[in-house]
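# Survey of secondary and tertiary structure
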Amino acid sequence: MTENSKIYAPNVYLFAFHLCQPLESESSSPVEFARLWQKCDEILQTKLAVGKAFNGSYLSKKDEPAGWRVNLIKKEVVGQRNSLAFAKNISHENQQISLKGFAQPLRIDDSYALGLQIRVPEKVDGNKTSAVDVSIFKEFNPDNCLLPDFVQSYFGQTLLLTAWLSVEQNQAARADSQFLQALGKQCLEKFISGQNQPDFYRQGELFGSPILEYGNPSRQDSDCHVIVWFFNSPTTDEIWDETRYTDFMDLFLYRNKILRAYHDSRKLYQVTREEYRQIELAIDKTFKYLQRDQAQQRQSKGAGLKEEELKYLETQMIEMPPRAVKYARMLIDLEFRQNTIAINAQNYQDKLNQISLDIKAAKKYNDSDANLSFLAAFSKETCPQFQRQIQADLGYFKHGSGLLDQATEAIRAIVAIEEAYRNAKLEVTIQAVGFGLGVAGVVAGSAPYLIKQDPPNQMVALPFLKVGINSFAFVLLISIGAGALVWGVVMLSANSKNLLGKFKNLLNRNKQLPPS
């Protein structure tokens, strides 16, 4: 153990956020709204063993007070405090250490928020506590109980680790630019056991002290967000008070809502992309089916579609509108995430502006103390990147709606043309049959004037044949022949009009072809 591995007054803050009512886009989502408080009870009772828990005695689970921001703790049973306090003594590295902390349940707008702090106090009974080894952080997180895999909060969480640097550590940091990163990594490795270490993301300064962030917000697999903040200025301790803690609760809520919306949009992107691919395949299959050689040959001959082809098109015409509605809802879900990011990014920036104004209003801090660029990078750089990505996705996927609409209209037009063609063909057939029957009736009615019926059943000699036929049968034969002849003439006339039209179209196409 070296002096540079010792820290003073280490703190761990857990900011975790959960749904308190269903989202409009996820009304059927099976979310357990009380899970966050149950997990907090497990942490306090089982993992930290501090002998305290919400478990109904301290928490207003029923008849929650109205308001945008509500503290759910029963103040009358916790001495009018805003949180449930706890304390315990431990032995670590042959050193007796006093641990203190609190758990605070809140409802902020449509979300539950849990604030949990575990710390080595700066003073005990008025006496300054001793520096402790960085390995103390493993006492704050037994069995990784403060990590997302255990807490399982819907909107995610942020962990904040703070500690004071010694004079020697400050000197080492000035001499070596990598010293603080190495110390931060050491704290993180003690705090998180196993292979779940988040990657280093960036380093900056906040309220006059160095701060490091772990976990890239753009990566979906980086759901563990940890900030390590080393205090080396009394200004930091002054600014980081109960008011700033409340502000950070709001900031991290907005941040985690944005990340949840963006990560959900990446999942929706995969689903929508697959649906878009299936739409393209279905449309291609439909029109390739109609462009088969046999189908084209029949269409060129004016034969129309087969019954099975017509039924296939009618089926596609029925299936495509519901598919278009489903696809449109996917795009609406993407737009909902985009709007969620925009709203919470603005809330995040508004909160930062408020913090900056509060610090400047004190008129005792310099500009660097009020510089919030480390926090502002998320709303000014990361959030616009998220929004541009979703906007690009929407621009690409909206072509799918147009494809479905155009394909549906094209199929509807083909079906309408085919039905009109069949109706016209049926009408011609009916007319031809009508003319044939009419002529047959006229011939049959006129036969008695052409053929003598005395005797009634006389035999009539057929021309060119050496046989005779009964006069009744002869009349019937003549009427049927006349009707068939007229039917044939009418059908031939109708078909010749179609052939003439096709011949004219062929001539027009030949005239438009360039000379060879």
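Summarised in this report is the structure supplied together with it.

### Topic: the pairing of strand 11 (residues 209-214)
- For strand 11, a buried count of six out of six residues is recorded, marking the element as mostly surrounded by other parts of the structure.
- Side chains S209, I211 and E213 of strand 11 all project onto a buried face; the interleaved residues P210, L212 and Y214 project onto the opposite face, where all are buried too.
- Here six bridges tie strand 10 (residues 200-206) to strand 11, and the two strands are oriented antiparallel to one another. Residue pairing across strands places E205 opposite P210, the latter belonging to strand 11.
- In sequence, strand 10 turns back onto strand 11 through a hairpin of two residues, with F207 there showing a positive phi of about 55°.
- Direction of pairing for strand 11 relative to strand 12 (residues 226-231): antiparallel, over a ladder of four bridges. Across the sheet, the residue bridging to L212 is V228, located in strand 12.

### Here's the deal with the pattern of salt bridges
- Tallied over the entire structure, the rule returns 17 salt bridges.
- One salt bridge connects R244 with D358, and the closest N-O pair in it is separated by 3.1 Å. Placement of R244 in helix 7 (residues 242-290) and of D358 in helix 9 (residues 307-361) is noted, with a sequence separation of 114 residues between them.
- The exposure class of D358 is partly exposed, given its relative accessible area of 34%.

### Section: the environment of T340
- One can find T340 in helix 9.
- Each C-alpha atom of the pair T340 and R260 lies 9.6 Å from the other, and the pair is 80 residues apart in sequence.
- Sequence-distant contacts of T340, that is, excluding residues within four places in its chain, are made with K257 and A261.

### Some remarks on the packing of helix 4 (residues 167-175) against helix 5 (residues 179-191)
- Interaxial distance between helix 4 and helix 5 falls to 8 Å at its minimum, and their mutual angle equals 125°. If you check the angle between helix 4 and helix 5, you find them oblique. When helix 4 is examined against helix 5, the residues Q169, A172 and A173 are found in contact with a partner set consisting of F179, L180 and L183.
- Here the residues of the contact of helix 4 with helix 5 are counted per class, giving five nonpolar, one polar and no charged.

### A few points about the pairing of strand 9 (residues 156-164)
- Taken across its nine residues, strand 9 has eight buried, putting it largely inside the fold.
- Two strands pair when backbone bridges link them, and strand 9 and strand 12 are joined in this way by six bridges, in the parallel orientation. Across the sheet, L160 pairs through a bridge with I227, a residue of strand 12.

### Overview of the environment of F33
- Following the sequence through the fold, F33 ends up in the loop between strand 1 (6-19) and helix 1 (35-47).
- Sequence separation of F33 and Y154 is 121 residues, and the distance between their C-alpha atoms is 9.2 Å.

Reading guide: rules and limits
Residues numbered from 1 in each chain as written. Predicted model: local features only at pLDDT ≥ 70, side-chain atom pairs only at ≥ 80, totals over all residues. Heavy atoms only, no water. Buried < 20%, exposed > 50% of the residue type's maximum accessible area, 1.4 Å probe, protein only. Helix = DSSP H or I, 4+ residues; strand = E, 2+ residues; numbered from the N terminus. Pairing = 2+ DSSP bridges. Salt bridge = Lys/Arg side-chain N within 4 Å of Asp/Glu carboxyl O. Contact = heavy atoms within 4.5 Å. Axes fitted to C-alpha atoms, helices over the stretch in contact; angles between N-to-C directions. Parallel < 35°, antiparallel > 145°, perpendicular 65-115°, else oblique. Nonpolar A, V, L, I, M, F, W, Y, C, P; charged D, E, K, R; others polar.

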